[in-house]
Amino acid sequence: MSKWKTDIGTSASESAIQAGKARQKRRIFLHNAFIALLCVIWIIPIVWLVCTSFSAYSGMNTSTFFPEKWSAIHYVKLLTPDTVNQFPTWFWNTFVIACWTCVISTLFVIMVAYAMSVTRFKSRKALMNAAVLMNLFPGMLSMIAVYFTLKTFGLTNSHIGLILVYSASAGLGYLVAKGFFDTVPRALCEAARIDGCNEAMIFWKIVMPTSKPIIVYTVISSFLVPWMDFVYAKMLLNAGVSANYTVAVGLYRMLEKSLINTYFTQFCCGGVLVSIPISILFMIMQKFYVQGVTSGAVKG
Amino acid sequence: MKKLIALLLAAVMVLSLAACGGSGKTAETQAPAADANAPAAPAASGGPISLTLWGAEEDQALLAELVEKFKAQYPDQTFDIQIGVESESTAKDTVLTDVEAAADVFAFANDQLNDLVAAGALLALDGDIAQVLPAYAGKTIDDVKAANGEGSVAAASKDGKLYAFPMGGGNNYFLYYDSTKITAEQAQSWDGLLAAAEAAGSKVGMTYASGWYNASFFLGAGFITDMNPDGTTVMDWNGTSADGFTGMDVVKGMAAIAAHPGFLAIADGDISNQIASKAVCAVVSGTWDAGAAETAFGEGYAATKLPTFTCADKQVQMSCYSGFKLMGVNAYSKNSGWAVLLAEFLTNEASQTARFASRQLAPTNLKAAADEAVTSNVAIAASAAQDVYGSVQNVGGKFWDPTATFGQMIANGDLKADDDAAIQTALDTLVEGVTAPVE
Amino acid sequence: MEAKTSGLSRLGSAVSGFFAVIARFFSEFGTAMAKGDLFVKLSLLWWGAGYFRRRQYVKAILMTLLEIAVIVFTLNFAMAYVPKFGTLGTVQAEQVFNMQTMQTEWNDYDNSFMILLFSLFSFVIWFAAAVVCMRNVVNVYELQMQAQRGKHINTFVEDLREYLDKKFHITLLSLPVLGIVVFTLIPMLLLILVAFTNYDQQHMPPTNLFGWVGFSNFVTLFGGGITTTFGYAFVRILGWTIIWSFFATLTTYIGGILMSLLLNSKLTRGTKIWRTMLVVTIAVPQFVSLLLMRNFFANSGIVNTICANIGLTGFLRDIGLISTSYIPFMTAPGWVHVMIILINIWIGIPYQMLIATGVLMNLPTDQIESAKIDGANPFQVFKSITMPYMLQVTGPALITDFVKNFNNFNVIYLLTQNVFVTTNQFMANSQAKETDLLVTWLFTLTQDYYNYKMASVIGIMVFIVCAVFTLVGFNFMISGDKEGTYQ
């Protein structure tokens, strides 16, 4: 099949390979060519998205890869609000919601994970089992109940309501973070306790500073949610006030039958503009993200 | 553990106190009877009347303009009118999720009327509420009915009651074609169309996989769809029609078209794209695709009524569902009187004329429709020509999935023209699914 | 076999542990009530009594206020809804138009959904209040014991300080748990209750009322009810849901591991650039990327144009795989199922690659080296060293992923909505299609058909199936509780 498998992340084969440098070079070339091929496959749809967003034609054209005429006009249109499109406002809304969501979610996740991992109390196991059970229930179904609960508190059509929907139950997703805290050496905590630290101080001064990867991981995961969700947002922001929309709801509306001919290219532009900041975030945080997700996955 | 629960409870308490406050507010909207006697709820003069209004994206600018005119009509009254965006084709979904939170006045397509009425979301306009029109707008509900086309009033009514004001018509489908490739003569029948398209190396497109479109064959052959009072759908497509055709004749006719190399079955929602990509030289669609068709066909842009199709060796004119855009008043609207006035205003002759000018929506108002600019519009003329053969769509929710599947089966060629038993079984299953009880 | 027993015993211990907690709770309460002094007993009625007796005045006032709050809540709020819980309301909405005020006037009608929701809220609060009340008695009894032994009784400030130390977990957990109760637990209980009502299009609040119907919806699901094909559709959708979850989980999991091995190999140049290219696909919102994918593979899409040009379409026609002039990637059953799984690989591998990258950093390299010296080929190394290690480390996450895919709404909905039309009439008659997962089916049922009762029944089924898979999965995956490994 392919050569790359021969060298699965090891150094042992190194000596064997040194036999022929030419062979080695060919190998490296083939290996990287194969990776390049895979990456190209992965990136094609993204390239298509970017290309389409630079098309001069405003409707949907799915039969050719490259647009017939290139133009950046739809980016200009997207950034100039009209009755349908208020992209800058949506972007700002989503950003604010995402920030709050990520603060609250991260706090909740870290708090629950720490409590479940480090502290010991009678009903700990019972609570953990309950969390497992609750995660099994399809959330899609309880949408209507969540809607009316929020309506009772007057929080529909408000960003606070949306933030609550995204973050209030975040505690249920504590498992990855708990896995991380399980790996923090307990000896450190013991030492601090002997020095007269109370639990809160251990939490803040000992465990938190060593938990950067898992915090970054949680922040990124929860930051992404408001950008991706359109089902809850559409249900909650039901007053039809376009200025209140999030990016997802706004862009999704552009696909309506009567609008798609005029707005499809702008929809693609919107997709590109949304993914730029998220990509940058990922690139900067990649290292932490990998560490965080890993240590968590160790425990699942 | 006790403290945990104590704290939890404390927080729940705070929130639930807020809930009391909140529910107070809900109770207010639920039972305005309580404060109707209070001086805070005035008659024609006094504090601002707050209303919310939902219209399509493409209607927003126009609505803002019209609302200002509406306010100017009643200088003694102050208004606080909020305009929101809600597509006419999906208004039902949003309204029915929470009727009490929906707009006082909203635009919707007439196929949603049955569900909206069944859920009690629409205010019946010819009840007591009808008195507001003579009192404030100087016309009666019968004037409104008479001013609009018969079909549109029928589409806005259920069980003899008017539930919405007709706002626009032409929401049906007809044939766009490229007159450089197809002659007007050929466009009269599927046989002519398909032959011409094949000769021109192009295709004739139509959506089969949607009950909204494929019903045109059955309705044309004299079959019906209707609705029982309990919300179930009536359908006789597996039997023999009033015109003496059997469902099997129609299916065979449809299958013959689908099997023709000049035919292109288009997925619902993909029509605009197909027109724009110039894959077709003729296509069955509605006024919303006029722009796309005009661009794609250029010089040859033409539109006409739907063609005839071969059914049991006869040429049968295709029918269609006549579609209308309506403006309804929420049954749970607090200021229902003013809401009715607003809805009527937004659909009167002047407003319909303005709406035609802004988004080419065919007026239902007879005077507005007689206007030169309207009658000379190619797409609207074709839509009106087809409407003669149309019937009002009166079906329940169970109509859609089985009919879409049935159309897809024919388009795929799953039903062979020589396999009578299979066709009949499919028709029976279709009717069983469509007429199933509503849960 | 050993893993199985340990898994079952885990379940057993969870259940028995649960009952032990309850038993201890009641026995402590019983002891306190039996042996407590007058004020301890009085605490059952006046929550502040015991603290008052021990001169913890702040606590006494707080508990009294809390009790008043519960009473106010009960009288002002709960009593408006809970008494109607048995019938879910009887007063139909009626309206009269008042020409004088230009307003519609309503009677004081019942809204079944609100009755259900607020009754549940009330039950949860009452349950919490009952637990607090009983714990309070126990607590006050402990204070009495302390006082009798002449021990120091905490001041209020000292009590508060406890929450940063011994009771720190309470400080940490209270808000998140509140959030979960309001936004997950109560909605979940509510929808479980809806499965026993007739909440559907014919009974939509606020205009119509709905009521209790017992188990009849469950009977309907298994074929005894009004829609003859509902059970038929359910079984098929369940089958596809399981197949999908299995392949979606497995393919992305193994693919992620292979991809990460590939990228982290010594031969790779520019690992970071490759990885970034893959990660960009995560950054594009799914409703954009999936929509593109489905246009990509549409009947008249780019891929079909290319396939027709290179003659693949013609070839497939010749060998009888397709009967159409295009390849029905997203429109024919079978094709679409494979495509969905393939597209999911495209989405899922970058995520899994990130996870695997981290885990494999800790791969025990000495084992691999010795295996190589023994002459093991790369596949053997992968099979007997890399995979077992990965499985051991990420096994539980695999089960979580399975459950997530079971409820993976986005991928299926965005790829097939308005594109795939079933040609199976029995499915169509139950508003289902071959590509539906249970969760997308129940979404259609609620959004388009307002059939909340059947959606709830399906929701409960999803819950049961997921629970079974989780249980079985954990039985095989986890050979013991690893929690203490690092501690």
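Worth saying up front: this structure is predicted, and the values here are computed from it rather than measured.

Comments concerning the overall build of chain C
Counting its regular elements, chain C contains 20 helices and two strands. Computed over the C-alpha atoms, the radius of gyration of chain C is 30 Å, more than 25% above the 23 Å expected from 2.2 N^0.38 for a compact globule of 487 residues. Considering only C-alpha atoms, chain C reaches an extent of 90 × 80 × 45 Å along its principal axes. Looking at chain C as a whole, 56% of its 487 residues qualify as buried. When contacts within chain C are restricted to residue pairs at least 6 apart in sequence, those whose partners lie at least 24 apart make up 68%.

Topic: the domain arrangement of chain B
Many authors give the size of an interface as the accessible area that is lost as the parts come together. Residue and element names in this part refer to chain B. For chain B, the domain assignment lists domain 1 (2-163 + 323-376) and domain 2 (171-319 + 389-434). With 10 residues of domain 1 in contact, the opposing surface of domain 2 contributes nine residues. Together, the buried faces of domain 1 and domain 2 total about 760 Å²; carbon and sulfur atoms form 49% of this surface. Of all residues in domain 1, Asp111, Asn114 and Gly323 give up the largest surface area on contact with domain 2, accounting jointly for 50% of the area buried on that side.

Some thoughts on the pattern of salt bridges
The full count for this structure, using the stated rule, is 22 salt bridges over all chains. Ionic pairing is found between Glu199 of chain A and Arg193 of chain A, a salt bridge with its closest N-O pair at 3.0 Å. A residue is classified by how much of its surface remains accessible, and Glu199 of chain A, at 12% relative accessible area, is buried. On the basis of relative accessible area, Arg193 of chain A is assigned to the partly exposed category, the value being 31%. Across the pair Lys84 of chain C and Asp110 of chain C runs a salt bridge whose closest N-O atoms are separated by 2.9 Å. Of this pair, Lys84 of chain C sits in the loop between helix 4 (57-81) and strand 1 (95-98) while Asp110 of chain C sits in the loop between strand 2 (103-106) and helix 5 (112-148), and the two are 26 residues apart along the sequence. By relative accessible area, which is 30% here, Lys84 of chain C ends up partly exposed.

Side note on the nonpolar core
Residues Phe267 of chain A together with Trp441 of chain C are the most contacted members of the largest nonpolar core, which totals 274 residues. In contact with Trp441 of chain C, not counting residues within four places along its chain, are Phe230, Ala233, Phe234, Ile237, Ser430, Gln431, Ala432, Asp436 and Ile458 of chain C. Listed in part, the 71 residues of the second largest apolar core include Ala196, Tyr213, Met254 and Ala293 of chain B.

Quick look at the domain arrangement of chain C
All names here are of chain C. Here chain C is partitioned into domain 1 (36-214) and domain 2 (229-486). Computed over C-alpha atoms only, the centres of domain 1 and domain 2 are separated by 43 Å. The contact between domain 1 and domain 2 buries some 800 Å² in all, and 70% of this surface belongs to carbon and sulfur atoms. Among the residues domain 1 hides against domain 2, the three largest losses belong to Ala195, Tyr199 and Gln201. Together they make up 45% of the total. Taken together, the links from domain 1 to domain 2 amount to one salt bridge. The shortest N-O distance in the salt bridge between Asp200 and Lys453 comes to 3.0 Å.

Comments concerning the interface of chain C and chain A
Listed as interface residues are 109 residues of chain C and, on the opposing side, 106 residues of chain A. Taking both partners together, chain C and chain A bury about 9900 Å²; carbon and sulfur atoms supply 78% of that area. Summed over the shared surface of chain C and chain A, the number is zero salt bridges. One can count nine residue pairs in polar contact (both at pLDDT 80 or more) joining chain C with chain A. No other element matches the 18 residues that helix 7 (residues 168-194) of chain C contributes to the side of chain C that touches chain A. When the residues that make up the side of chain C that touches chain A are grouped by side-chain class, the tally is 73 nonpolar, 24 polar and 12 charged.

Overview of the packing of helix 11 (residues 286-296) of chain C against helix 17 (residues 409-416) of chain C
All names here are of chain C. Two elements in contact, helix 11 and helix 17, have axes separated by 8 Å at closest approach and are oriented at 45 degrees. Considering the angle they form, helix 11 stands oblique to helix 17. Remark: the crossing between helix 11 and helix 17 carries right-handed chirality. Between helix 11, through Gln286, Phe287, Leu290, Met293 and Arg294, and helix 17, the contact on the second element is made entirely by Asn410, Val411, Leu414 and Leu415. Its residues placed into classes, the contact of helix 11 with helix 17 shows six nonpolar, two polar and one charged.

Let's talk about helix 8 (residues 175-182) of chain A
Summarising burial for helix 8 of chain A: six of the eight residues are buried, a large majority. Of the positions making up helix 8 of chain A, those classed as buried are Ala177, Lys178, Gly179, Phe180, Phe181 and Asp182 of chain A.

Here we look at the packing of aromatic side chains
Following the criterion strictly, the structure yields 81 aromatic pairs over all chains and no others. Both rings, one in Tyr114 of chain A and one in Phe203 of chain A, keep their centres 4.5 Å apart while their planes meet at 70 degrees; by these two values the pair is edge-to-face. One end of the pair, Tyr114 of chain A, is in helix 4 (residues 87-117); the other, Phe203 of chain A, is in helix 10 (residues 199-207), and 89 residues separate them in sequence. The buried category is assigned to Phe203 of chain A, whose relative accessible area is 6%. Site record: aromatic cluster; members linked through ring pairs are Tyr173, Trp212, Tyr213, Phe218, Phe223, Trp237, Tyr321, Phe399, Trp400 and Phe406 of chain B. Geometry around Tyr232 of chain C places Arg236 of chain C over its ring, the cationic atom sitting 3.8 Å from the centre.

Concerning unusual backbone geometry
Residue and element names in this part refer to chain C. For the bond from Pro205 to Pro206, the omega torsion is 0 degrees, close enough to zero to count as cis. Despite not being glycine, Asn418 shows a phi value in the positive range, around 65 degrees. In this structure, Asn418 sits in the loop between helix 17 and helix 18 (425-428). By relative accessible area, which is 55% here, Asn418 ends up exposed. Residue Tyr450 is not a glycine yet carries a positive backbone phi of 50 degrees.

What about the sheet that holds strand 12 (residues 282-285) of chain B?
Residue and element names in this part refer to chain B. With mixed pairing, five strands are arranged side by side in an open sheet as 11-8-12-7-13. What marks the edges here is a single partner per strand, and that holds for strand 11 (263-265) and strand 13 (301-304). In this sheet, neighbouring strand axes are inclined to one another by 25 degrees on average, regardless of whether the strands run parallel or antiparallel. Bridge analysis of strand 7 (residues 174-178) against strand 12 gives four bridges, and the strand direction is antiparallel. Bridge pairing in strand 12 places Tyr176 opposite Val283. Contacts between helix 13 (residues 290-297) and the sheet are confined to strand 7, strand 12 and strand 13, with strand 7 contributing the most and set at about 20 degrees to the helix.

A short note on the confidence of the model for chain C
Residues and elements named next belong to chain C. With 94% of its residues at a pLDDT of at least 70, chain C reaches an overall mean of 85. By mean pLDDT, the top-scoring element of chain C is helix 4 (93), and the lowest-scoring one is helix 1 (residues 2-35) (75). Residue range residues 1-5 is modelled with pLDDT below 50. Its contacts to residues more than four positions away, or to other chains, number four contacts. With pLDDT under 50 throughout, residues 479-487 is counted as low confidence; its partners more than four residues away or in other chains account for 20 contacts. Two numbers describe this predicted complex: its pTM, 0.86, and its ipTM, 0.85.

A word on the environment of Pro75 of chain B
Looking at where Pro75 of chain B falls in the secondary structure, it is placed in the loop between helix 3 (60-73) and strand 2 (79-85). Once the C-alpha coordinates of Pro75 of chain B and Ile129 of chain B are considered, the two residues, 54 residues apart in sequence, prove to be 22 Å apart.

Focus on the pairing of strand 1 (residues 49-55) of chain B
Residues and elements named next belong to chain B. Within strand 1, five of the seven residues are buried, which leaves the element mostly enclosed by the surrounding structure. Here strand 1 pairs with strand 2 via seven bridges, running parallel. By the bridge assignment for strand 2, Thr52 is matched with Gln82. Where strand 1 lies against strand 3 (residues 105-109), two bridges are found, and the strand directions are parallel. The residue bridging Leu53 from the neighbouring strand is Val105, located in strand 3.

Rules used throughout
- Residues numbered from 1 in each chain as written.
- Chains lettered and ligands numbered in written order.
- Predicted model: local features only at pLDDT ≥ 70, side-chain atom pairs only at ≥ 80, totals over all residues.
- Heavy atoms only, no water.
- Helix = DSSP H or I, 4+ residues; strand = E, 2+ residues; numbered from the N terminus.
- Rg over C-alpha atoms; globule rule 2.2 N^0.38 Å.
- Buried < 20%, exposed > 50% of the residue type's maximum accessible area, 1.4 Å probe, protein only.
- Contact = heavy atoms within 4.5 Å.
- Domains from an automatic or database assignment.
- Buried area = accessible area lost by both parts, 1.4 Å probe.
- Salt bridge = Lys/Arg side-chain N within 4 Å of Asp/Glu carboxyl O.
- Core = buried A, V, L, I, M, F, W, Y, C linked by side-chain atoms within 4.5 Å.
- Polar contact = N/O pair within 3.5 Å; in protein donor to acceptor, adjacent residues only side chain to side chain.
- Nonpolar A, V, L, I, M, F, W, Y, C, P; charged D, E, K, R; others polar.
- Axes fitted to C-alpha atoms, helices over the stretch in contact; angles between N-to-C directions.
- Parallel < 35°, antiparallel > 145°, perpendicular 65-115°, else oblique.
- Left-handed = near helix turned anticlockwise from the far one by under 90°.
- Phe/Tyr/Trp six-rings, centres within 6.5 Å; stacked < 30°, edge-to-face > 60°.
- Lys NZ or Arg CZ within 6 Å of the ring centre and 35° of its normal.
- Pairing = 2+ DSSP bridges.
- pLDDT = per-residue confidence, 0-100.

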